[in-house]
Number of protein chains: 2
Amino acid sequence: MHGYELHQHLTETTGLRLVWRIKQSQLYALLTRLEERGYLSTTLETQEARPPRKIHTLTPAGRSALEAWLRTPVPRGRDFRLEFLAKVYFARQQDQTTLHELLTAQECIFDKWLAELQNTLDTLDPTSYEALVYHFRVGQVQAMLTWLKELKAIEPGK
Amino acid sequence: MHGYELHQHLTETTGLRLVWRIKQSQLYALLTRLEERGYLSTTLETQEARPPRKIHTLTPAGRSALEAWLRTPVPRGRDFRLEFLAKVYFARQQDQTTLHELLTAQECIFDKWLAELQNTLDTLDPTSYEALVYHFRVGQVQAMLTWLKELKAIEPGK
DNA sequence: CCCTTATACTCATTAAATAAGTAATCAAGC
DNA sequence: GCTTGATTACTTATTTAATGAGTATAAGGG
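Reading guide: rules and limits
Residues numbered from 1 in each chain as written. Chains lettered and ligands numbered in written order. Predicted model: local features only at pLDDT ≥ 70, side-chain atom pairs only at ≥ 80, totals over all residues. Heavy atoms only, no water. Helix = DSSP H or I, 4+ residues; strand = E, 2+ residues; numbered from the N terminus. Buried < 20%, exposed > 50% of the residue type's maximum accessible area, 1.4 Å probe, protein only. Contact = heavy atoms within 4.5 Å. Buried area = accessible area lost by both parts, 1.4 Å probe. Salt bridge = Lys/Arg side-chain N within 4 Å of Asp/Glu carboxyl O. Polar contact = N/O pair within 3.5 Å; in protein donor to acceptor, adjacent residues only side chain to side chain. Nonpolar A, V, L, I, M, F, W, Y, C, P; charged D, E, K, R; others polar. Domains from an automatic or database assignment.

Residues and elements named next belong to chain B. Inspection of the secondary structure puts glutamine 106 in helix H5 (residues 96–123). The buried category is assigned to glutamine 106, whose relative accessible area is 0%. Those residues in contact with glutamine 106 that lie beyond four places of it in its chain are Pro73, Val74, Phe80, Phe84 and Leu148.

What follows is the structure, given as structure tokens:
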């Protein structure tokens, strides 16, 4: 796909735009960076009377980086809203197994984190600011965990 | 306070560092920006054999901007984790009324947002990616709302 | 015929964040 | 007594992300 077309997909067609919005100029910059890093190869498709299209294709390195990325859960809660939901977007387009494994891996990470949070919360003065922050985090992680579980239940499982 | 001291407070003493971490160089940059915008006034305190301290004081404009900021709820959920929790940090140092009003205002905004989310969720194909994203958001907002309510109940409220 | 919209990409600028440095003092250790 | 390392206080350079605006051309609509 060339940059222009890709941008159209991202702003119109795709559901991905719900979680990941990018301006045109930023996308172009991103594409050249991805090429520099060897994830994309680019060929020019000249047209008469229009600027030539840069057709970008995933290199083998690019494809395997993508595959790896989309199987890896995110380490921190703050990456969930954007990055993890993007992973889910792509994982759903692969087989259901990929999605299931992603969800389970993420659940596992959050289970551990939740336990840690609960632990430190217990050590804190319940009237302190710290306690209030930890209490908030516990709530957020719990919400993410129930969402993960519900999604696993809904999806036409493996 | 001068920049160095402020940075020490932010990395050691304060509970604020739980939600808001800043590198030294970034803090200095921020302070000069705040001065440029008229929120801080700066005086030099020369010492022998040490670089002079820049003592920063809130201008009236700065103080009132702070007051306004800390009474204003955040418009979007993604600003909650960092910005809203910071507001709570400062609001707790004022009288309890300020905190209570902040919490209530935020609750009000999220109530409306939740209703909107529920509405659009109903119109969506439940197997679509969009539905899944909205479902997630509903969960997050609900978690924030219960946290807000619990905090209101706990604080020695007016 | 003029004005808008679509096509396709570029460039300049601002803003945010990190890393790394400076240069002097003081305390402690071998 | 000489080095090592921590403390004080602020600077500078570099990278990265993000925004905004701009270019040039052609097709389509009133």
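What follows picks up the thread again.
What follows deals with the interface of chain B and chain A. At the interface, 30 residues of chain B touch 30 residues of chain A. Area buried by chain B at its contact with chain A is led by Leu18, Tyr129 and Phe136 of chain B, which between them contribute 28% of it. Between the two partners, chain B and chain A, sit zero salt bridges. The interface formed by chain B and chain A holds 10 residue pairs in polar contact (both at pLDDT 80 or more) in total. Looking at the side of chain B that touches chain A, the elements that each hand over two or more residues are helix H4 (80–91) and helix H6 (129–154) of chain B. Of the residues forming the side of chain B that touches chain A, the biggest block, 15 residues, is contributed by H6 of chain B. Residue classes in the side of chain B that touches chain A are distributed as 17 nonpolar, six polar and seven charged.

Attention now goes to helix H4 (residues 80–91) of chain A. All of the buried residues in H4 of chain A are Phe80, Phe84, Leu85, Ala86, Lys87, Val88, Tyr89 and Ala91 of chain A. Among the structural elements, helix H3 (60–71), helix H5 (96–123) and helix H6 (129–154) of chain A together with H6 of chain B are those in contact with the buried residues of H4 of chain A.

With that settled, consider the domain arrangement of chain A. Accessible area lost on assembly of the parts is the figure often given for the size of an interface. Residues and elements named next belong to chain A. Split by domain assignment, chain A resolves into domain 1 (1–71) and domain 2 (74–158). Contact with domain 1, which involves nine residues of that partner, is made by 12 residues of domain 2. At the boundary of domain 1 with domain 2, total buried surface from both sides reaches about 1,000 Å², with 67% on carbon and sulfur atoms. Three residues, Val19, Trp69 and Leu70, lead the burial of domain 1 against domain 2; their summed loss comes to 56% of the area buried on that side. For the pair domain 1 and domain 2, the number of links is three residue pairs in polar contact (both at pLDDT 80 or more). Its residues placed into classes, the side of domain 1 that touches domain 2 shows five nonpolar, two polar and two charged.

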